[in-house]
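# Summary of structural features
Below are the chains, spelled out letter by letter.
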Amino acid sequence: MTDSFLNRLVSSFEANRHRVAMRIIGDQGSALTFQQALDLIRETAAAVRAAGINPSDRIAIMGENHPLWAISYLAVLYSGAVAVPLDPQGEIETVTNFIKDSQARLAFVDNRQIQRLQRIEEKLGRHIKSVVWNNKWTSESNGDSPPTNGFVKFDDFIATAPGTKDTAIPDFAGDDLALLIYTSGTTGKPKGVPLTHGNILAELDGINEVLEIDKSERILSLLPLFHAYLQIVNLWVATTYGCETGYLKELSPAELSFAMIEFRPTILTTVPRLWYLFHKKIFDAIAAKPLFIRALFRAMLAGNGILRDTLGVNLGKLLFSPVHKSFGGALRLAVSAGSRFDEGVARDFHRLGFTILQGYGLTETSGAATATYADDNRVGTVGKPLKGAEIRIAEKDADGVGEVQIRGPIVFKGYYKNPAATAEAFTDDGWFRSGDLGRIDKHGHLHIVGRAKDVIVLPSGKNVHPEDLEIHYLKAPEIEEIAVIGIADTEAKHRGTEKLVAIIVPDFDHLKSAGIANSREAIRFAMDSLGRELPEYQRIREYIIRSEPLPRTATRKIKRFQLKADFESAKETGDLRTNRFKRTQESSHLMNSPSGRLIVKLLEKNVSSAAAIHPDMNIEIDLGLDSLARAEFFAGLEVATNATIRAEDAARLLTIADVICFVDAIGGVDDAPTSAKNWPQIISETTADMPEVRPILKKRPLFTAFAFIVYRLFYLFCLAFMRLEVLDIDNLHELDRKRQSSGTTFIVCPNHQSFLDPFVLCSTYPYSVFANIFHVGASEFFQSAIMKFVASMLKVIPIDPDTQLLKAMKAGAVGLKNQKILNIYPEGERAFDGHLHRFKKGAAILSLELEVPILPVAIDGLYKVWPRATLRIQPAKVKIKFGRPIYPHSLSIDSNSEFADASPTKKYEILTERIRSEIEHLLKDR
């Protein structure tokens, strides 16, 4: 008997007739044995033929993962027709284009596709006979009764099959067409990839050598079945080897966790992104443990890695039992494909004791063309060619990188009815052009570098592969998704090149759990820190933050062209917003409630169109509120509700809906909205009754004298270790003398380069300044007993400005009103390269509202002594230069300024920019 996919399929089903072939996890009634599945396949195939469908006719399959999806697919192949798997979430225009191009005569769908298919038929101008899997009609489809326009229930459809069962195995093999899978087609000519029964057989032969599986395997399905990758695993491999396949009711964290425990998979197939989520969950949990546990975990991780790499001994299940149990405890191996896998993440899972094989291929190569083998699993590569496949690198550069080209029985013959695309896809000598860039190492393993079309060419001539940068920056726990794109550089000297821009989606769950209210600041800090690990030309300097997920294809690839278009349209506003906020009855009810109207009133001055405010909008990102505007908003909310909004509350109130629910939970508000409070009111009404401020107001002459001596000794150390040079300190002395004679005070504003800044700077102060200086600092750094003592020596009020900006501003105002000197860092974060960051407006607000001068100070070199993201302290030259005081009233007589007639908000911006420019001048003039 001629070997064929259908022969293998039937032999496997008959040999395992009493075993479960497939089921929905958690739904006992959904299980199908191999015998039941084979009977259904044959009945469905017979019904297909009875419906007048001939061999090579196309049949569309569109719906969420389900055993009947698999049955329909296999029945189509069994009947000799051609299966056309379609994305159930695909855009109507795209799916219509695919159905039109394929000339599909029949469709298998789930009940959620009925209305979509009706719209598709309207666009096509013809009816498609459609079979609906679900036996129960839901309100989501057409009410309680089946529709009358030709949709047929699956049970009714298979009942049309002839009564006589034909058990002869159909003779479809070799060049007989089996599948038509579309890879693109939103605009222009669709690209359909025809795969034959022979292609399937060749892929199976190659996969068998990699996985070495048997009928005892349980395979968990996590990806959509219309994707070629899942068809290989679930519909080719599992069926011909007698494995059990489990489907989720829905892909949610709860269902996935349940499925892991209940189904206990032995093989897991998914894409790198899901492994990144697993990795983040595991290592975030470890990061929350005590220091001893973290150190022990790292030691065990390193130890198991060494054992696996040197002796082939894997103690992962023993050392990391809870982690393995979370995956069901029976996982033998996992397969990752679809996109590049971060080598660091892959290495961590290897050391945890997991075996993750990596594959590379395209739909045009029937799926995998290369793979890492269990006994040769080189982390960071996608392995060697499968049996029968050949790989070569064309037009190599100096690093051996070029286009990956593939040849062999797994490669398709050409695009469906698209000779132009086919000619472009193959070389003159018959090799398929993948469009991917890669290199082959000395051991014969393929390394994928990126997509040729995605390469970004910088003004320096350097080529950047965006996936490399995305993988690197995704190490930041604050970032959920990131896409790096190349935008045309408009500078005249850089015309024809591109600049790096990133579109970032924050991880709001992490931000909430970490109590981070200001996601923009947190992400900027993370981006700067991670950028320091990259060459200068690869650092992301420009990015936009959005709250909605990145647009992706059905195979989870980022739609970079769409993001480029979105970015271009967002240049004016600086925000990447879409029209995803649709008004519904529920959203209108929320916004028209007393709490909703209050919130709209409080946001009016910061939002251009209050009518456009939607409950799902993120306060910071979608509405564009900076930290100060956010603080003003919450200040008005506190006044209106007569309640105190704690730091933990502020950190979790991310959307308008969150705030409405919070206001309602604390008792709601009267029907009449209250106007927002502004900074002049907040600062003027601030009193000294703040427990956090009392320690700095209390006189402690002996302790202050002791602290001053310690700092002067530290000053001597700085002179030697840092070659500290202090310039123009007379500006400080002069301002302090005025303070002592007039009873007024001032604000010191230095730039921020290192954790050492306040220690070094305070060591230079005369006693009269040192005794009266105070800081408002991030509370997270002053939790331990030692750091609390340090805080008292520095006179730090430990309030985190990110989560409690209003309280921090009030604390600063109280100190200044009591003639204390405030030391404030306008950048709010340490610079990693000495360059100034964006200045916040806090110092300007306090200066203007309390009419106190600002002393700008330039610190240079401390970022070299103690760089960010390291514990290493090293000697380096440090300079501190004191500038001339900036008096707020002097800005009013500046002839080049509109300061006098400006609004308070504009005045804050003008003064803030003046502070920044003065410090920038001091740094240049040092």
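This structure is a prediction, so every number in the text was calculated from the model and none was measured.

## Overview of the environment of Glu542
Relative to the helices and strands, Glu542 is located in strand β25 (residues 542–545). Along the sequence, Glu542 and Leu68 sit 474 residues apart, while their C-alpha atoms lie 48 Å from each other. Aside from chain neighbours lying at most four places away, what touches Glu542 is Lys499, Leu500, Val501, Ala502 and Phe567. There is a polar contact of 3.3 Å between the side chain of Glu542 and the side chain of Lys499.

## Digging into the packing of helix α7 (residues 197–211) against helix α8 (residues 228–241)
Where α7 contacts α8, the two axes come as close as 11 Å, and the packing angle between them is 75 degrees. The orientation of α7 with respect to α8, classified from their angle, is roughly perpendicular. Residues Ile200, Glu203, Leu204, Ile207 and Asn208 of α7 form the contact with α8, whose own contacting residues are Ile232, Trp236, Val237, Thr240 and Tyr241. A class-by-class count of the residues in the contact of α7 with α8 yields 7 nonpolar, 2 polar and 1 charged.

## Quick notes on the nonpolar core
Phe5, Ile71, Tyr73, Phe108, Phe154, Leu179 and Trp236 are the most contacted members of the largest nonpolar core, which has 97 residues in total. With 10 residues, helix α3 (residues 67–79) is the single largest residue contributor to this core. Contact partners of Phe108, with chain neighbours within four places excluded, come to Thr44, Val48, Ile59, Ala60, Ile61, Met62, Ser72, Val76, Val131, Trp133, Phe154 and Phe157. Core analysis: the next-biggest nonpolar cluster, separate from the first, contains 42 residues, Leu836, Ile845, Ala858 and Leu891 among them.

## Re helix α22 (residues 627–641)
For α22, built from 15 residues, the straight-helix expectation of 21 Å at 1.5 Å per residue is met to within 8% by its first-to-last C-alpha distance of 21 Å. The element α22 is largely enclosed, with a buried count of 13 among its 15 residues.

## Details of the sheet that holds strand β17 (residues 390–394)
Taken together, the 4 strands give an open sheet; going across it, the order is β17-β18-β19-β20, and neighbouring strands pair in antiparallel fashion. Where the open sheet ends on each side, the last strands, each with one partner, are β17 and β20 (446–451). On average, adjacent strands in this sheet sit at an angle of 50 degrees to one another, irrespective of strand direction. Two strands pair when backbone bridges link them, and β17 and strand β18 (residues 402–407) are joined in this way by 5 bridges, in the antiparallel orientation. The residue of β18 that forms the bridge with Arg392 is Gln405.

## Examining the sheet that holds strand β26 (residues 725–727)
Spatial ordering of the open sheet is given by β26-β32-β31-β27-β30-β28-β29, a layout of 7 strands whose pairing is mixed. At either end of the open sheet lies a strand with only one pairing partner, and these are β26 and β29 (796–798). In this sheet, neighbouring strand axes are inclined to one another by 20 degrees on average, regardless of whether the strands run parallel or antiparallel. Relative to strand β30 (residues 821–823), strand β28 (residues 773–777) runs parallel, the two being bridged by 3 bridges. Within the sheet, the bridge partner assigned to Phe774 lies in β30 and is Leu822.

## Observations concerning the environment of Leu386
Take Leu386: it is sitting in the loop between β16 (384–385) and β17. Spatially, the C-alpha atom of Leu386 lies 7.7 Å from that of Ala368, the residues being 18 residues apart in sequence. Apart from the residues lying within four places of it in its own chain, the contact partners of Leu386 are Glu203, Gly206, Ile207, Val210, Ala368, Ala369, Thr370, Ala371 and Tyr373.

## Section: the environment of Val152
Within the fold, Val152 resides in strand β7 (residues 151–153). The exposure class of Val152 is partly exposed, given its relative accessible area of 21%. Taking the C-alpha atoms as reference points, Val152 and Ile61, separated by 91 residues in sequence, lie 14 Å from one another. Discounting residues that sit within four places of it in the chain, Val152 has contacts with Lys129, Ser130, Val131, Val132 and Phe157.

## Describing unusual backbone geometry
The phi torsion at Ser366 lies on the positive side, around 60 degrees, for a residue other than glycine. Tracing the backbone through its elements, the reader meets Ser366 in the loop between β14 (356–362) and β15 (367–371). Taking relative accessible area as the criterion, Ser366 reaches 1% and is therefore assigned buried. Although it is not a glycine, Lys417 sits at a positive phi angle of roughly 50 degrees.

## A look at the state of the cysteines
Enumeration over the complete set of coordinates arrives at 0 disulfides. Looking at the unpaired Cys762, the closest cysteine sulfur is the one in Cys718, lying at 11 Å.

## Considerations on the side chain of Thr240
In this fold, Thr240 is placed in helix α8. The buried category is assigned to Thr240, whose relative accessible area is 13%. Only 2.6 Å separates the side chain of Thr240 from the backbone oxygen of Trp236, close enough to count as a polar contact. Contacts of Thr240, omitting those with residues within four sequence positions, involve Phe5, Arg8, Leu9, Ser12 and Leu204.

## Re the pattern of salt bridges
Summed over all chains, the structure comprises 32 salt bridges. Note that Lys906 and Glu909 form a salt bridge whose closest N and O atoms lie 3.9 Å from each other. With Lys906 and Glu909 both in helix α35 (residues 904–924) and 3 residues apart, the pair spans about one turn of that helix. Residues joined by salt bridges that share partners form a network here, namely Asp3, Arg8 and Asp205.

## Description of the packing of aromatic side chains
By the definition in use, this model includes 26 aromatic pairs. Aromatic pair Phe13 and Phe34: ring centres 5.0 Å apart, planes at 85 degrees, arrangement edge-to-face. You can see Phe13 sitting in helix α1 (residues 5–15) and its partner Phe34 sitting in helix α2 (residues 34–50), a full 21 residues away along the chain. In this structure Phe13 comes out as buried when scored by relative accessible area, which is 0%.

## Quick notes on a nonpolar patch on the surface
Together, Leu311, Val313, Leu315 and Leu318 make up an exposed nonpolar region whose accessible area comes to about 380 Å². For Val313, a relative accessible area of 33% gives the class partly exposed.

## Focus on the packing of helix α11 (residues 291–310) against helix α14 (residues 343–352)
Between α11 and α14, the least distance of the axes is 7 Å, while the angle of their chain directions is 85 degrees. Classified by the interaxial angle, the pair formed by α11 and α14 is roughly perpendicular. When α11 is examined against α14, the residues Phe297, Leu301, Ala302, Asn304, Gly305, Arg308 and Asp309 are found in contact with a partner set consisting of Arg347, Asp348, His350, Arg351 and Leu352. Within the contact of α11 with α14, the residues separate by chemical class into 4 nonpolar, 3 polar and 5 charged.

## What to know about empty space enclosed by the protein
Here the structure, examined in full by the defined rule, presents 6 cavities of 30 Å³ or more. Estimated volume of the largest cavity: approximately 90 Å³. Looking at the lining of the largest cavity, the elements with two or more residues in it are α26 (694–697), α27 (701–721) and α31 (785–794). With 3 residues, the top contributor of residues to the lining of the largest cavity is α27. Here the lining of the largest cavity is composed, by residue class, of 7 nonpolar, 2 polar and 3 charged.

Thresholds, definitions, all that
- Residues numbered from 1 in each chain as written.
- Predicted model: local features only at pLDDT ≥ 70, side-chain atom pairs only at ≥ 80, totals over all residues.
- Heavy atoms only, no water.
- Helix = DSSP H or I, 4+ residues; strand = E, 2+ residues; numbered from the N terminus.
- Contact = heavy atoms within 4.5 Å.
- Polar contact = N/O pair within 3.5 Å; in protein donor to acceptor, adjacent residues only side chain to side chain.
- Axes fitted to C-alpha atoms, helices over the stretch in contact; angles between N-to-C directions.
- Parallel < 35°, antiparallel > 145°, perpendicular 65-115°, else oblique.
- Nonpolar A, V, L, I, M, F, W, Y, C, P; charged D, E, K, R; others polar.
- Core = buried A, V, L, I, M, F, W, Y, C linked by side-chain atoms within 4.5 Å.
- Buried < 20%, exposed > 50% of the residue type's maximum accessible area, 1.4 Å probe, protein only.
- Expected span 1.5 Å × (residues − 1).
- Pairing = 2+ DSSP bridges.
- Disulfide = S-S within 2.5 Å.
- Salt bridge = Lys/Arg side-chain N within 4 Å of Asp/Glu carboxyl O.
- Phe/Tyr/Trp six-rings, centres within 6.5 Å; stacked < 30°, edge-to-face > 60°.
- Patch = residues over 30% accessible without salt bridge, like charges linked within 9 Å, V, L, I, M, F, W, Y side chains within 5 Å.
- Areas by Shrake-Rupley, 256 points an atom, 1.4 Å probe, with all protein chains shown as cover.
- 1 Å grid on protein atoms, 1.4 Å probe; cavity = no way out; pocket = protein on both sides within 12 Å on 5 of 7 lines; lining within 4 Å.
- Points joined across faces, edges and corners; volume = space filled by probe spheres on them.

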